[in-house]
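# Residue-level structural notes
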Amino acid sequence: MGVEWHRRIQAMVDLIDECIKGKSDEHVTLEHLSRRMECSESHISRRFREITGMQFRDYLRQRKLAFACKELRDTNKGCLEIALDFGFSSQEAFTRSFKEAYGLTPGEYRRHPVPMPLRTVIRPLDCYLAEHGKLGIRETAGEVQTYFVTIPAHQFLHIRNYESIGYWDFWQKQSQIPGQDCETICGLLDSIPDKLDAIDSSDPFSGQIMGYLNDPAGRICSWGIPLAECYGVRLLLDYRGPVPSQMQLMQVEAGEYLVFEHGPFDYEKECKAVEAKIEKAMREFDYAASGYSLDLTPGRIFYYYHDCKRYWKYIRPVKKSS
């Protein structure tokens, strides 16, 4: 199946979220989308299912429920208002769908907002490119910025893998563990409020990051130290909310870090070029001249942010050279 249909389904997925956020329910029907894409409803429905593995109507309902869940958690709107905002015909229909999806009613969730695996955005284009290795190699504009920061003490809610090598291998291994696949974990993290790195509450991946923990039980990496690969969210030091059973909550002490950052880029066309630039900058950085060295103390954590609309950056723990 050509990449063009993956692009078209990705555009559909993006439009679905845009319409849900804008309360434009009439623009997120198969009828409207078929006119916009100049294809029959049955053909679009079939393509959507083939590429995403889900029925269009099921995905749409689950994304609406995910948005509604956050409204229940973060606002004082009544259940009826939320139901109508997200296209449910009545409060009863909303309650029925909510309970079928999450096992409790909207009112029960509002009183006790436990972490739940919300339906996150499908990324059919990203998955296709990753699977087939067709990421772009166009040269990018802009250079890698390098700077030091002090990060205050915080907590890191996450899962970890002691054997994986890289992002995709991490999720392939996690998918073999019940309840630790990418969809479940990202959905659970999406339902956690007050993430330190989140800038857009409507973006399910906002605030979710990879981490590399210096852990004696981890895999020996190219730096010659044992690392456990992690995926999670940073939270305030005083976070006392629930911790999903699949995850760990660790306290990260305040510390000095060195950041290698590249600005926004075109994921499809520039990913490899940006990665090469960052790796070159990290490889050639003159630690001796800076007065710092990498802090390889067990328990220190390296953070990795990959958000093509904002930046790509590595945050590496450092210490003053003796």
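If you're wondering where the values come from, they're calculated on a predicted model, not measured in any experiment.

The rules we used
Residues numbered from 1 in each chain as written. Predicted model: local features only at pLDDT ≥ 70, side-chain atom pairs only at ≥ 80, totals over all residues. Heavy atoms only, no water. Helix = DSSP H or I, 4+ residues; strand = E, 2+ residues; numbered from the N terminus. Buried < 20%, exposed > 50% of the residue type's maximum accessible area, 1.4 Å probe, protein only. Contact = heavy atoms within 4.5 Å. Axes fitted to C-alpha atoms, helices over the stretch in contact; angles between N-to-C directions. Parallel < 35°, antiparallel > 145°, perpendicular 65-115°, else oblique. Nonpolar A, V, L, I, M, F, W, Y, C, P; charged D, E, K, R; others polar. Salt bridge = Lys/Arg side-chain N within 4 Å of Asp/Glu carboxyl O. pLDDT = per-residue confidence, 0-100. Disulfide = S-S within 2.5 Å. Phe/Tyr/Trp six-rings, centres within 6.5 Å; stacked < 30°, edge-to-face > 60°. Lys NZ or Arg CZ within 6 Å of the ring centre and 35° of its normal. Pairing = 2+ DSSP bridges. Core = buried A, V, L, I, M, F, W, Y, C linked by side-chain atoms within 4.5 Å.

Helix and strand counts for the protein stand at 12 helices and nine strands. By principal-axis analysis of the C-alpha atoms, the protein measures approximately 65 × 45 × 35 Å. When each of the 322 residues of the protein is scored for burial, the buried share is 49%. Considering only residue pairs separated by 6 or more positions, the protein has 72% of its internal contacts joining residues 24 or more positions apart.

To continue, consider the packing of helix α4 (residues 56-74) against helix α6 (residues 91-102). Contact geometry for α4 and α6: axes closest at 11 Å, N-to-C directions at 100°. The orientation of α4 with respect to α6, classified from their angle, is roughly perpendicular. Touching Arg-61, Gln-62, Leu-65, Ala-66, Ala-68, Cys-69 and Leu-72 of α4 are Phe-94, Ser-97, Phe-98, Ala-101 and Tyr-102, all from α6. Each residue belonging to the contact of α4 with α6 can be placed in one class, and the counts come to nine nonpolar, two polar and one charged.

Along helix α2 (residues 30-37), the residues that are buried comprise Leu-30, His-32, Leu-33, Ser-34 and Met-37. Two residues or fewer after α2 comes Glu-38, characterised by a positive phi angle close to 60°.

Glancing now at the packing of α2 against helix α3 (residues 41-52). At a closest axis distance of 9 Å, the pairing of α2 and α3 adopts a crossing angle of 95°. Considering the angle they form, α2 stands roughly perpendicular to α3. Contacts from Leu-30, Glu-31, Leu-33, Ser-34 and Met-37 in α2 reach Glu-41, Ile-44 and Ser-45 in α3.

So, about the pattern of salt bridges. Close approach of charged atoms allows side chains of opposite charge to pair. Scanning the model with the defined rule gives 16 salt bridges in all. The partner of Asp-295 in a salt bridge is Arg-300, and the shortest N-O contact between them spans 2.6 Å. For the pair shown, Asp-295 and Arg-300 are each scored as buried. A network of salt bridges, in which partner residues are shared, links Glu-71, Lys-77 and Asp-85.

The predicted model of the protein has a mean per-residue pLDDT of 85, with 91% of residues at 70 or higher. Element-level mean pLDDT values for the protein span from 48 in helix α8 (residues 124-132) up to 96 in strand β2 (residues 154-161). Note on residues 127-139: pLDDT under 50 across the span, and 31 contacts to partners over four residues away in sequence or across chains.

Turning to the state of the cysteines, a few remarks are in order. Here, the word disulfide means a covalent bond between the sulfur atoms of two cysteines. Counted according to the given criterion, the structure contains zero disulfides. With no disulfide of its own, Cys-19 has Cys-39 as its nearest cysteine by sulfur position, at a separation of 18 Å. Given a relative accessible area of 18%, Cys-39 falls into the buried group.

Throughout the structure, instances matching the rule amount to 21 aromatic pairs. For the ring pair Tyr-167 and Trp-168, a centre distance of 4.9 Å and an interplane angle of 90° mean the geometry is edge-to-face. In textbook terms, an aromatic cluster arises when at least three aromatic residues are bridged by ring pairs, as seen for Phe-88, Phe-94, Phe-98, Tyr-102 and Tyr-109. Seen from the ring of Tyr-303, Arg-234 lies directly overhead, with NZ or CZ sitting 5.9 Å from the centre. Lying across the ring of Tyr-311, Lys-313 places its NZ or CZ 4.1 Å from the centre.

The element β2 is extensively covered by neighbouring structure, given that eight of its eight residues are classed as buried. Where burial is concerned, the two faces of β2 agree: the one with His-154, Phe-156, His-158 and Arg-160 and the one with Gln-155, Leu-157, Ile-159 and Asn-161 are both buried. In this structure, β2 lies alongside strand β4 (residues 226-235), joined through seven bridges in antiparallel fashion. Directly across from Phe-156, in β4, lies its bridge partner Arg-234.

Membership of the largest hydrophobic core comes to 40 residues, with the highest contact counts inside it found for Met-12, Phe-56, Tyr-59, Phe-94, Phe-98, Tyr-102 and Met-116. A total of nine residues in this core trace back to one element, the largest contributor, which is α4. Apart from the residues within four sequence positions on either side, Phe-56 is in contact with Met-12, Ile-16, Val-28, Leu-30, Leu-33 and Phe-48. One finds Val-144, Phe-170, Phe-265 and Val-274 within the second-largest nonpolar core, a separate group that totals 35 residues.

Turning our eyes to something else, we now look at the environment of Thr-120. As for its position among the elements, Thr-120 is in the loop between α7 (106-111) and α8. Judged by its relative accessible area of 3%, Thr-120 falls in the buried class. Separated by 65 residues in sequence, Thr-120 and Ile-185 place their C-alpha atoms 9.9 Å apart.

Let us now look at the side chain of Glu-71. By the secondary structure assignment, Glu-71 is in helix α4. Among the residues examined, Glu-71 registers a relative accessible area of 18% and is labelled buried. Other than its neighbours up to four places away in sequence, Glu-71 contacts Lys-77, Ile-82, Phe-86 and Arg-110.

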